[in-house]
Amino acid sequence: MGQLSGPDPHVASNAGWAETPSRKGFFTDTSVCIGCKACEVACKEWNAIPDDGFNLLGSSYDNTGALGASTWRHVAFIEQPRRFGEQQTFFDQAPTDSRGDFRWLMSSDVCKHCTHAACLDVCPTGSLFRTEFGTVVVQDDICNGCGYCVPACPFGVIERRTGPAETKNVGIAQKCTLCYDRLDAGHMPACAQACPTESIQFGDLDELRVRAAARVETLHEEGVSDARLYGEDPGDGIGGAGAMFLLLDEPETYGLPPDPVVSTRDLPQMWKQAGLAALTLLAGAASAFIGRRK
Amino acid sequence: MAECHPVGFQWVMEAKKRGAKVIHIDPRFTRTSAVADMHVPLRAGSDIAFLGGIVNYILETEKYFHEYVLAYTNAATILREDFADTEDLDGVFSGYDPETGSYDTSTWQYEGIDEAAPSGEETKGEHDQSRQSRGAGHEMGGHGASLNASDVRRDETLTDPHCVFQVLKRHYRRYTPEMVSKTCGVPVDAFLKVCEAVTANSGRDRTTSWVYSVGWTHHSVGVQYIRGSAIIQLLLGNMGRPGGGIMALRGHASIQGSTDIPTLYNLLPGYLPMPKAGEHDNLDDYVATITSPSQKGFWADARKFTVSLLKSYWGDAATAENDFAFDYLPRLTGDHGTYATVMSMLEDEVEGYFLLGQNPAVGSAHGKMQRLGMAHLKWLVVRDLNMIESATFWKDGPEIETGELATTDIATEVFFFPAAAHVEKDGSFTQTQRMLQWHHKAVEPPGQCQSDLQFFYLLGKKVRERLAGSTDDRDRPVLDLTWNYPVTDDGEIDAEAVLAEINGGHLTGDKAGQPLTSYLEMADDGSTNGGCWIYTGVYADGVNQAARRKPGSEQSWVAPEWGWAWPANRRILYNRASADPDGKPWSDRKSYVWWDEQNQKWTGHDIADFEPTKPPNYRPDPDAGGIAALSGDDPFIMQADGKGWLFAPAGLLDGPLPAHYEPSESPVRNPLYRQQASPAREVFPRKDNLQNPSPPEANSDVFPYVFTTYRLTEHHTAGGMSRWVPYLSELQPEFFCEVSPELARERNLTHLDYATIVTARTAIEARVLVTDRMTPLFVGDRTVHQVGLPYHWGVGSSALVTGDSANDLFGVTLDPNVHIQESKVASCDIRPGRRPTGPALLRFVEEYRSRAGITVETGNRQRTPED
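Calculation rules
- Residues numbered from 1 in each chain as written.
- Chains lettered and ligands numbered in written order.
- Predicted model: local features only at pLDDT ≥ 70, side-chain atom pairs only at ≥ 80, totals over all residues.
- Helix = DSSP H or I, 4+ residues; strand = E, 2+ residues; numbered from the N terminus.
- Buried ≥ 20, exposed ≤ 12 C-beta atoms within 10 Å, placed from the backbone.
- Contact = placed C-beta atoms within 7 Å.
- Rg over C-alpha atoms; globule rule 2.2 N^0.38 Å.
- Pairing = 2+ DSSP bridges.
- Axes fitted to C-alpha atoms, helices over the stretch in contact; angles between N-to-C directions.
- Core = buried A, V, L, I, M, F, W, Y, C linked by C-beta atoms within 7 Å.
- Expected span 1.5 Å × (residues − 1).
- Arc of directions from axis to C-beta.
- Nonpolar A, V, L, I, M, F, W, Y, C, P; charged D, E, K, R; others polar.
- Parallel < 35°, antiparallel > 145°, perpendicular 65-115°, else oblique.
- Left-handed = near helix turned anticlockwise from the far one by under 90°.

For the rest of this paragraph, the subject is the overall build of chain A. Secondary structure assignment for chain A yields eight helices and ten strands. Overall, chain A is about 95 × 45 × 40 Å in size when its C-alpha atoms are taken along their principal axes. Taken over 294 residues, chain A has a buried fraction of 44%. Sequence-distant contacts in chain A: of pairs separated by 6 or more residues, those separated by 24 or more amount to 65%.

Take a look at the structure:
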């Protein structure tokens, strides 16, 4: 078993795969997202996910709300009084004194497929596993619905499906599989395939990191100074994500934690502490006996 | 475009990546605006003022492409001295008849051209009222209007006061940046930035393209919107060149195809007009109306195209002796457009109606008139993927609730046939570049679902069986039809065989049985057939050219081996204009086709849209007609004079130049002319088609707001393909209205609560989205608020998501050229809370009408009276 935190360039082989293809992942470039939601629909079509209810949320054009058991790709829409790079809008000249800059951010969120995936680490049944592609997948037929994984995820991605009894996989923990079945057959995930503007890019994680860094640089040159990457750093609290993002604002704006940390990061330390505590107890108990013998 | 054509928009993003600047001009800040370099909000319905302002800017700053304009447009052509402009006549052009609300267009002609139309002595020129009733504007989809002469008088110095260039200058002189701002609500600096960007990016080295969709066409002056853009593109030299052009994004897949092979009442395939009773008694009369023997261009071959079409329809029964069965074609007796037909239904003049993938109860303007009309039918056939509102209005439409209809009183028999979707059948899509792309059946249609092709093939067979043995002459056209198509292993008619029939073939001679390779092979002696001349070549060599899918990386950048584009697989029309008059590319960067001096032929990246060996310096004999009359530097080969028309001397019914008129319903007084709305718009003063008052009429303040309708990415038009799909319905589950925070404050509208939107027709309710994406505008000395309404929802009981229909708010007012309704802009009132239900809704609307003093005349007077 590999470590529980820090960089891990061999995440799949450390999980026990003898021969592994290069690690696969997503780079979602939100600066070219047009919010068409084709990713949401393609994901549901391919993975046969039930709808998530028909509710007008009033959250700009977002009516699915967040990632969950029945929404594995989620497009956020954020209307902001800020400027998008050098974009010119003229709302400030409207007959009102309350208008200034404006931009409309869109971003397709997805499971991060963490290098150190707490959901997987805490899964007692082995339903959650690391694939040869380095991704994290739930096996529906093994999951017993214990739900340990749900609070373990630092992003709030994985969730048990609720609904009437006849709903597919009801009670089972559900999330993006990075289309494991498609990868196996040499295809790219459905969302990336459907994305018309290449906002969602699929590929070898190493290469995506290079591409992402170059894209940020280009945007900075074009005056989009708030462009930044999220989840690309193997040194971060999850050992780097398998799904990284180019964002145009703080992660919180998009509903992402600013500094995600794998919830099992401190386990070794905790076990160590617990072990020490146990040893101390043992020692205490032993000394008591020893003491008595005296 | 990102909003409604996200897949096509990938190429805009690709261009953006390569440095293209994207400017979005739209009342709303949409998903397109979000990624554009510039967003310019404007008042819905004011686009001609904006475009005219750009024309004025180009002319005043002399930024037009002088050589292109002089050589390739009709700028130098001299007009008749008795032509009078809107500047001279208080907002109307010469020839206006206030009694009929229509124009006699003869004074718009070029000087020296016979005012009676093209057809010669035996047929009198068609009256403009008649052209209006048959929606003759549709014919311009394939070519320009005809003229009676190829030789026109020109002033190469462009200084003659009667030359088009000078007339254009005078017409747009008052469309200044300040006037644009006052009319459109666009800040002057925003407008000038657009002007600068567009002109800086045009010329020898650069080109600009304009993209529009139904936001430009669904207006009482929609054709003139497009003309406005055409004038800009001609002045800047952006037509017939790579990266230029005007891109018409259509409302559905293959709408281009459904005008090429028309589903319109007034067209035959390939933009041949449908003959008219009393005027087109025989083939000679008919062909004479299409073309004049002395005019320039390929349209002079109309007889060959018509005869080949008739041979396709009636095979051996079409002979030289019987005028190739020309008499078998039906004749028009008037306007049979969709709105005229619905009004005829209300008069019980229509017995039956086929709806094929169309949901007029939700998608057409004035939904109530549509539903009430359908309730008068004897029978209604609905072929659709789902049980759409047009199939169920008789039990769950809004009029059942108000008591205007009672299910027990409706005698209409509704037949619902489940239809196969595009992935469940073979066929082609023709997209906006005129490119046909074949799609193969991927899965079998479920249950009893059937393709339209199969349905009509079988229906035709049954009708013919029923009529077999009939001796009645009127049954001959049906019995003599060629209706023998091969059937595939699945028992379905072979779609490729239909494509082959459309392509046409040789019927006699050594090539008998072989497909045609080009429409140039078509003959008028009955030796060829062909179902749509412009599509000839799509089945050249017996190969389905539309099914070609060679990747772009394996061929030239023009990608001629991906699909097939009409005509003759040309990817850019009029591409002779991509070279200068001498046949040399305007610049290396924009080279496309050019004259190869050595080999004495046109060559380049695309197939030249020109006679292949006609040299640039060719000058025709003055008496020549047809193709031979085209000079070596006449790139607009389908135009009667070979030139791009800055000024349209023929073909339009509502003016030779676009002039800004207010929408039929507008809270704003026209700042440019006394004439408020288009004086030639088609109005229907009826009790069931009441209009809101607009200035200078009294009480326009009862409806103080502008509303516009549009689509969202998540839904498809009237919802037939999306509101029954859970994955789409959940993404936009409910009808909403979009308002600015300023309007929300003014009217006490609360985010996510309900609002009621009212016009003279009805009131509807919608959830409120308060958003900064909507903005109030300064229009002159007042603030104008706009309400945005997506039109995807309808009242019914079958769909997953339902709601009031935005199109119910509109009345029926049409563009006279093409009978398209004004359904992208009107005036309204908006107030917080839900609308009344049941009969109370009718009383509520009646109260508005009486407060506004509305009568059938309100808003329906075409000529605005003098103050």
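With that settled, the discussion passes to the overall build of chain B. Looking only at helices and strands, chain B features 24 helices and 26 strands. Taken against the 2.2 N^0.38 rule, which gives 29 Å for 867 residues, the C-alpha radius of gyration of chain B at 27 Å falls within 12% of a compact globule. Taking the principal axes of its C-alpha atoms as reference, chain B extends roughly 75 × 70 × 55 Å. Expressed as a percentage of the 867 residues in chain B, the buried residues total 55%. Across chain B, every contact between residues at least 6 apart in sequence was considered, and the portion connecting residues at least 24 apart equals 71%.

Another aspect to go through is the sheet that holds strand 9 (residues 352-356) of chain B. Residue and element names in this part refer to chain B. Ordered by their spatial adjacency, three strands build an open sheet running 9-10-11, and the pairing between neighbours is parallel. Two strands lie at the open edges of the sheet, namely strand 9 and strand 11 (413-418), each paired on one side alone. For this sheet, the mean inter-axis angle between neighbouring strands, taken without regard to orientation, is 15°. With six bridges joining them, strand 10 (residues 379-384) and strand 11 adopt parallel strand pairing. By the bridge assignment for strand 11, Leu380 is matched with Val414.

Note on soluble globular proteins: their nonpolar side chains tend to be buried together. The biggest cluster of nonpolar side chains holds 244 residues, and the ones touching the most others in it are A:Cys119, B:Val55, B:Ile757 and B:Cys828. Considering every element that reaches this core, the biggest residue donor is helix 3 (residues 47-60) of chain B, with nine residues. Other than its neighbours up to four places away in sequence, B:Val55 contacts B:Tyr172, B:Tyr175, B:Ile231, B:Ile232 and B:Leu235. By size, the runner-up hydrophobic cluster in this structure holds 44 residues, among which are B:Trp438, B:Ala523, B:Cys532 and B:Tyr539.

Residues and elements named next belong to chain A. The end-to-end C-alpha distance of helix 7 (residues 205-221) is 24 Å, a good match for the 24 Å that 17 residues give at a rise of 1.5 Å each. Every buried residue of helix 7 is accounted for by Leu205, Leu208 and Ala212. With its buried residues spanning 50° around the axis, helix 7 presents them on a single face. Across helix 7 from its buried face, at more than 90 degrees, point the exposed residues Asp206, Val210, Ala214, Glu217 and Glu221. On its buried face, helix 7 is in contact with strand 1 (24-29), strand 8 (200-204), strand 9 (228-230) and strand 10 (243-247).

Let's shift gears to the pairing of strand 17 (residues 593-596) of chain B. Side-chain direction in a regular strand flips from residue to residue, so the side chains alternate between the two faces of the sheet. Residue and element names in this part refer to chain B. By the bridge criterion, four bridges tie strand 17 to strand 18 (residues 601-604) in an arrangement that is antiparallel. When the bridges of strand 18 are listed, Val593 appears paired with Gly604. Between strand 17 and the antiparallel strand that follows it, strand 18, lie four residues; Gln600 among them carries a positive phi value of about 55°.

Right, let's talk about the interface of chain A and chain B for a bit. Accessible area lost during the coming together of the parts is what is often quoted as the interface size. Facing 34 residues of chain A, the contacting portion of chain B comprises 46 residues. Among the elements of the structure, helix 2 (38-47) and strand 3 (103-110) of chain A are those that each provide at least two residues to the side of chain A that touches chain B. A breakdown of the residues in the side of chain A that touches chain B according to their chemical character gives 15 nonpolar, twelve polar and seven charged.

Take the packing of helix 3 of chain B against helix 8 (residues 188-200) of chain B next. The relative placement of two packed helices comes down to the angle between their axes together with the axis-to-axis distance. Residues and elements named next belong to chain B. Two elements in contact, helix 3 and helix 8, have axes separated by 10 Å at closest approach and are oriented at 60°. The orientation of helix 3 with respect to helix 8, classified from their angle, is oblique. The element helix 3 and its partner helix 8 pack so that their crossing is right-handed. Residue-level contacts link Gly53, Ile54, Tyr57 and Ile58 of helix 3 to Phe191, Cys195, Val198 and Thr199 of helix 8. Here the residues of the contact of helix 3 with helix 8 are counted per class, giving six nonpolar, two polar and no charged.

Relative to the elements of secondary structure, B:Trp533 occurs in the loop between strand 15 (528-529) and strand 16 (564-565). Separated by 81 residues in the primary sequence, B:Trp533 and B:Asp452 have C-alpha atoms spaced 23 Å apart.

The strand order 12-13-16 (chain B) describes an open sheet built from three strands, whose pairing is antiparallel. Only two strands of the sheet have a single neighbouring strand rather than two, namely strand 12 (427-430) and strand 16 of chain B.

The residue A:Gly35 is located in the loop between strand 1 and helix 2 in this model. Separated by 216 residues in sequence, A:Gly35 and A:Pro251 have C-alpha atoms that sit 18 Å apart. When near neighbours in sequence (up to four residues on either side) are disregarded, A:Gly35 contacts A:Tyr61, A:Val75, A:Phe77, A:Met106 and B:Arg31.

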